[in-house]
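# Structural overview
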Amino acid sequence: NAGVTQTPKFQVLKTGQSMTLQCAQDMNHEYMSWYRQDPGMGLRLIHYSVGAGITDQGEVPNGYNVSRSTTEDFPLRLLSAAPSQTSVYFCASSWGLGGETQYFGPGTRLLVL
Amino acid sequence: GQQLNQSPQSMFIQEGEDVSMNCTSSSIFNTWLWYKQDPGEGPVLLIALYKAGELTSNGRLTAQFGITRKDSFLNISASIPSDVGIYFCAGHLPGYGKLTFGQGTILTVHP
């Protein structure tokens with residue numbers, strides 16, 4: 001199993017550009033989520049999904065969109081990139097909602113100029 | 001939203017020393033998890049705790065789920081250079097389908 005994969009590993013954007021961060025998992029997990037990591041802030045939840053076709057907002061959803069058309073994929077879209085979105089983004093997946101272990105991808109490092 | 005307070009924020013220790021870090025919350029959690037993040041990587045689960053008072057070990061690591069369900073502790077014994085990284089606690093609230101993370105403890109181990 002590849003686990004959780006993320007692409008790209010690095011990305012530089014100009015303010016106002018849009019892009020999609022890809023996330024895929026091959027463990028048949030129902031629950032997937034996106035976090036951003038900033039120095040001193042820990043991991044903050046952006047959006048999450050409890051299954052195909054179902055998504056919900058996390059702690060910091062503004063400026064981001066998600067969709068979940070399949071169990072395997074959970075892309076994160078930046079609609080109009082801003083410097084405040086410079087961060088490291090992690091995708092994670094788990095079996096369910098009962099506090100089960102979340103498996104993290106390797107991260108995408110994004111710089112918005 | 002719910003918050004976890006993790007301390008200390010950073011630690012600089014000598015190889016061989018023991019390490020302790022903790023997380024506290026104003027909310028009751030039904031699961032506590034401890035993750036380690038190596039530089040340039042995603043977090044990896046170290047220990048999961050599911051019951052108040054539970055004490056669980058994983059090699060040199062020991063973690064406890066506080067009796068009040070509002071705190072948790074992680075201890076690392078006889079630290080080695082590869083223990084370097086960021087350690088995160090995470091809690092799961094009853095009825096919520098998501099984890100809340102602490103701010104992280106940055107551990108530096110000097111040989």
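Residues numbered from 1 in each chain as written. Chains lettered and ligands numbered in written order. Predicted model: local features only at pLDDT ≥ 70, side-chain atom pairs only at ≥ 80, totals over all residues. Heavy atoms only, no water.

### Comments concerning the state of the cysteines
Here a disulfide denotes a covalent bond joining the sulfur atom of one cysteine to the sulfur atom of another. Considering all chains together, one arrives at 2 disulfides over all chains under this definition. One disulfide bridge connects Cys23(A) with Cys91(A), the sulfur atoms lying 1.8 Å from each other. Between Cys23(A) and Cys91(A), the disulfide has an S-S torsion of -70° and is therefore left-handed. Residue Cys23(A) is located in strand E3 (residues 19-25), and its partner Cys91(A) is located in strand E9 (residues 87-94); the two are separated by 68 residues in the primary sequence. Residue Cys23(A) is classed as buried on the basis of its relative accessible area of 1%. Take Cys91(A): its relative accessible area is 0%, and that puts it in the buried class. What pairs with Cys23(B) in a disulfide is Cys89(B), and their sulfur atoms sit 1.7 Å apart. Looking along the S-S bond of the Cys23(B)-Cys89(B) disulfide, the torsion reads about -80°, which is the left-handed sense. (Disulfide = S-S within 2.5 Å. Helix = DSSP H or I, 4+ residues; strand = E, 2+ residues; numbered from the N terminus. Buried < 20%, exposed > 50% of the residue type's maximum accessible area, 1.4 Å probe, protein only.)

### Re the side chain of Ser72(B)
Residues and elements named next belong to chain B. Mapping serine 72 onto the fold places it in strand E8 (residues 71-76). A polar atom in the side chain of serine 72 sits 2.9 Å from the side chain of tryptophan 34. Leave out the neighbours within four places in its chain, and serine 72 touches Met21, Asn22, Cys23, Trp32, Trp34, Leu49, Gln64 and Gly66. (Polar contact = N/O pair within 3.5 Å; in protein donor to acceptor, adjacent residues only side chain to side chain. Contact = heavy atoms within 4.5 Å.)

### Regarding the interface of chain B and chain A
Facing the 20 residues of chain B at the interface are 21 residues of chain A. Summed over both partners, the interface of chain B with chain A buries about 1500 Å², with 56% contributed by carbon and sulfur atoms. Run the count over chain B and chain A and you get 3 residue pairs in polar contact (both at pLDDT 80 or more). Sorting the residues of the side of chain B that touches chain A by element identifies strand E4 (31-37), strand E9 (85-92) and strand E10 (99-101) of chain B as the ones contributing at least two each. The leading source of residues in the side of chain B that touches chain A is E4(B), at 4 residues. Residue composition of the side of chain B that touches chain A, grouped by class: 10 nonpolar, 8 polar and 2 charged. (Buried area = accessible area lost by both parts, 1.4 Å probe. Nonpolar A, V, L, I, M, F, W, Y, C, P; charged D, E, K, R; others polar.)

### Let's talk about the pattern of salt bridges
By the definition in use, this model includes 4 salt bridges over all chains. Between Asp38(A) and Arg44(A) there is a salt bridge, with the nearest N and O atoms lying 2.9 Å from each other. Classification of Arg44(A) as buried rests on a relative accessible area of 17%. One salt bridge connects Arg60(B) with Asp83(B), and the closest N-O pair in it is separated by 2.8 Å. Taken together, the residues Arg60(B) in the loop between strand E6 (55-58) and strand E7 (61-65) and Asp83(B) in the loop between E8 and E9 connect sequence positions 23 residues apart. When salt bridges with common partners are traced through the structure, they connect Arg36(A), Asp38(A) and Arg44(A) into a single cluster. (Salt bridge = Lys/Arg side-chain N within 4 Å of Asp/Glu carboxyl O.)

### Focus on the pairing of E8(B)
Residues and elements named next belong to chain B. The pairing of strand E3 (residues 19-25) with E8 spans 6 bridges and is classified as antiparallel. Its bridge partner lying in E8, asparagine 22 is registered against phenylalanine 73. Relative to E8, E7 is paired through 5 bridges, and the arrangement is antiparallel. Residue glutamine 64 lies in a different strand from E8, and its bridge partner there is phenylalanine 73. Taking the residues that link successive antiparallel strands as the turn, the E7-E8 hairpin has 5 residues, and the phi of arginine 69 there is positive, at about 70°. (Pairing = 2+ DSSP bridges.)

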